[in-house]
Amino acid sequence: MNLQDIYLISPEIGIAIVAAFVIIIDLFVSNKKVLPVVALVTLLIPLFLTIQLHLDTDIGSKTGFSGTFQVDDFAIFFKYLILGSTAIVILSSTQYARRFGGHQGEYYALILFSAAGMMLLASSMELITLYIALELTALPSAALAAFIRQRKSAEAGIKFLVLSAVSSAVLLYGMVLVYGLTGSSHLNEIASSITNNGLGSSPALLFGIVLITAGFGFKISAVPFQMWAPDVYEGAPTPVTGFLSVASKAAGFAIILRVFYTSFGLDNANIDWANMMAVLSAISMSVGNLIAIRQNNIKRMLAYSTVAQAGYLMVGLAAITALPGGDDNAGPIGVLFYLAGYAMTNLAAFSVVIAVSNKTNNDSINSFSGLARKSPLLAGAMALAMISLIGIPPTVGFMAKIYLFSAAMDTGLEWLAIVGVINSVISAYYYLRVVKVMFLSSPKENEKDSETSYGVGAVSAAVIAMAGTFLFGIYPEPILRIAHTAIDSLIG
Amino acid sequence: MTLERFLIIGAILFAIGLYGALSKKHAIAVLMSLELMFNGVNVTAVALSRYTVPKALSENIENAASFLLTGQVFAVFIITVAAAEVALGLAIIIAIYRSRSTVLVTEAADMKK
């Protein structure tokens, strides 16, 4: 370990220090309102360090800690995404966090520690590092899910912990088998060992890859590993649900792309995991959307919606071998772009849910009735988020879906694109139901609430996320460009 | 003892643990089953490291020495993280006991529709 290694890992160290700092500040101040402000301001430090790493052209080697840690453009993309999502989640939970009483400092710290794990995950190039980063992500999330003293919250916590541990064990078994077969735990060396020793069609490698897919499938809540999502999303505190649905999923896709492209690239492993992804994608979309129709709880509905969104995202994982004339990288670039758009959209939706459920103490979709009259701003943000989740212009969800589905067409997966479009139509039913309830039903009390009564933090988080959803829906160019360089650095 | 026997023991431990984790009603028993799964992985990791590395060294495979202890290191990390996992699990189980006066996971099913 030398200074160069410390420099490479500085954003992660920075965010861990921010988390510890928040706990220390918590000990000394009695007014807990300053905690989110402290967290948000100090989050600029890891952000600055990430920008510094991003713009540093004479950085030398981007790999540190004996090849276990890599800060390429791909990792940087996810660090920005995770930092941004974390900041919006913290902003949106300022009002809600008062329910945690004296434990607000720990709440913000756990979110920051989990974010540190996610950032580490995006950079890890070795199986043990990857596992540690994954657990650093999952354990604080389980603690957060059980954070309120309510029956449902503790239940969500134990469900998340047990299922996450089972999935980690399955993942570990797969990783250990791959290690035993290839003799190395470095992703690059696994790839070269598979090529050099002709292990491409070994059944043991296939078994390992299937177990690894199952383990990662849990993290992104793809069918058939989605069973934890609805209960955990419903029981956990709402900001935590938002955090899990956005940042945790982004980190999961980061590591899937990293492992599958670096270690099991199609040119050396003879296993067609793209087809496996295509099937999982079609099942995830259909199951998620069909079950979401029946939900009356907004958090549960959004849980099934994220299962469906994971299905759309996996279209990009399946679309990897383009027909002649197509772009081989369009699929993974689409995944990155979709993740960024999905993060903004879903955070807008969750910020509104946090604001409304915090005020009404009710998670049912009916608690949104007449929101357009009570708070036009929140209703507008929610409506735009729902439209973006369906994939209707002028939102970022539309651009992202166009990009992903056209990548699927380019790779000869027309059937998957058709399934995706049909599913988008199905999903319109339950997303628009929320819009209908907000705009057409009359509110229970007729007076207009002031926007600030919903909590300044949540409202401003909703506005920021809504602005992102709208702006990048019209002008997606900047994100696409960053996603492009990120995928170039991953695939080369 | 050959490598196969260790791999089989590891697989059996893993399978027993998986069965237990999915079927046990008592929350503590679920945590114990999780521990079995992790230990099945540990046995596999250490056995693979013990048997494949000397073979690679004797065959003069390039870089064999560099992955000398990876399996063992893997096992140590798994044990450490599993301990953290169980500690958190016990804390949540206490929270469940406080709200329901039971630690049966079948009773913690408010959200099951």
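None of the values given here were measured: they were computed from a predicted structure.

Let us now look at the overall build of chain B. Summing up its helical and strand segments, chain B has three helices and zero strands in all. Looking at chain B as a whole, 38% of its 113 residues are labelled buried. Considering only intrachain contacts with a sequence separation of at least 6, the fraction spanning at least 24 residues in chain B is 58%.

Looking only at helices and strands, chain A has 21 helices and two strands in total. At 22 Å, chain A has a C-alpha radius of gyration in line with the 23 Å of a compact globule built from 492 residues. For chain A, the spread of C-alpha atoms along the three principal axes comes to 70 × 55 × 40 Å. For chain A, contacts bridging at least 24 residues in sequence account for 81% of all contacts bridging at least 6. Taken as a whole, chain A presents about 16,100 Å² of accessible surface, with 66% of it coming from carbon and sulfur. Side-chain charges in chain A split into 25 positive and 27 negative, and the spacing between the mean points of these groups amounts to 17 Å.

Another point: the layout of surface pockets. Approximately 750 Å³ is the volume found for the largest pocket. Only helix H8 (151–182), helix H11 (228–235) and helix H14 (298–318) of chain A together with helix H1 (3–23) of chain B provide two or more residues apiece to the lining of the largest pocket. Among the elements that make up the lining of the largest pocket, the one with the highest residue count is H8(A) (six residues). Across the lining of the largest pocket, the residue classes break down as 16 nonpolar, three polar and eight charged. If you go around the second largest pocket, you meet 20 residues; those closest to its centre are Tyr80(A), Leu81(A), Gly84(A), Ser85(A) and Met344(A). At eight residues, helix H5 (residues 73–92) of chain A tops the list of elements feeding residues into the lining of the second largest pocket.

If you look at the interface, chain B gives 41 residues, while chain A gives 39 residues. Interface area, chain B with chain A, both sides summed: about 3,500 Å², of which 76% is carbon and sulfur. Our enumeration of links across chain B and chain A arrives at one salt bridge. Arg100(B) is the salt-bridge partner of Glu155(A), the closest N and O atoms lying 3.3 Å from each other. In this structure, the connection of chain B to chain A is made through four residue pairs in polar contact (both at pLDDT 80 or more). Of all the secondary-structure elements, those providing two or more residues to the side of chain B that touches chain A are H1, helix H2 (27–58) and helix H3 (70–100) of chain B. A per-element tally of the side of chain B that touches chain A places H3(B) first, with 18 residues. The residue inventory of the side of chain B that touches chain A, partitioned by class, reads 28 nonpolar, eight polar and five charged.

Criteria and thresholds
- Residues numbered from 1 in each chain as written.
- Chains lettered and ligands numbered in written order.
- Predicted model: local features only at pLDDT ≥ 70, side-chain atom pairs only at ≥ 80, totals over all residues.
- Heavy atoms only, no water.
- Helix = DSSP H or I, 4+ residues; strand = E, 2+ residues; numbered from the N terminus.
- Buried < 20%, exposed > 50% of the residue type's maximum accessible area, 1.4 Å probe, protein only.
- Contact = heavy atoms within 4.5 Å.
- Rg over C-alpha atoms; globule rule 2.2 N^0.38 Å.
- Areas by Shrake-Rupley, 256 points an atom, 1.4 Å probe, with all protein chains shown as cover.
- Lys, Arg positive; Asp, Glu negative; His and termini not counted.
- Charge placed at Lys NZ, Arg CZ, Asp CG, Glu CD.
- 1 Å grid on protein atoms, 1.4 Å probe; cavity = no way out; pocket = protein on both sides within 12 Å on 5 of 7 lines; lining within 4 Å.
- Points joined across faces, edges and corners; volume = space filled by probe spheres on them.
- Nonpolar A, V, L, I, M, F, W, Y, C, P; charged D, E, K, R; others polar.
- Buried area = accessible area lost by both parts, 1.4 Å probe.
- Salt bridge = Lys/Arg side-chain N within 4 Å of Asp/Glu carboxyl O.
- Polar contact = N/O pair within 3.5 Å; in protein donor to acceptor, adjacent residues only side chain to side chain.

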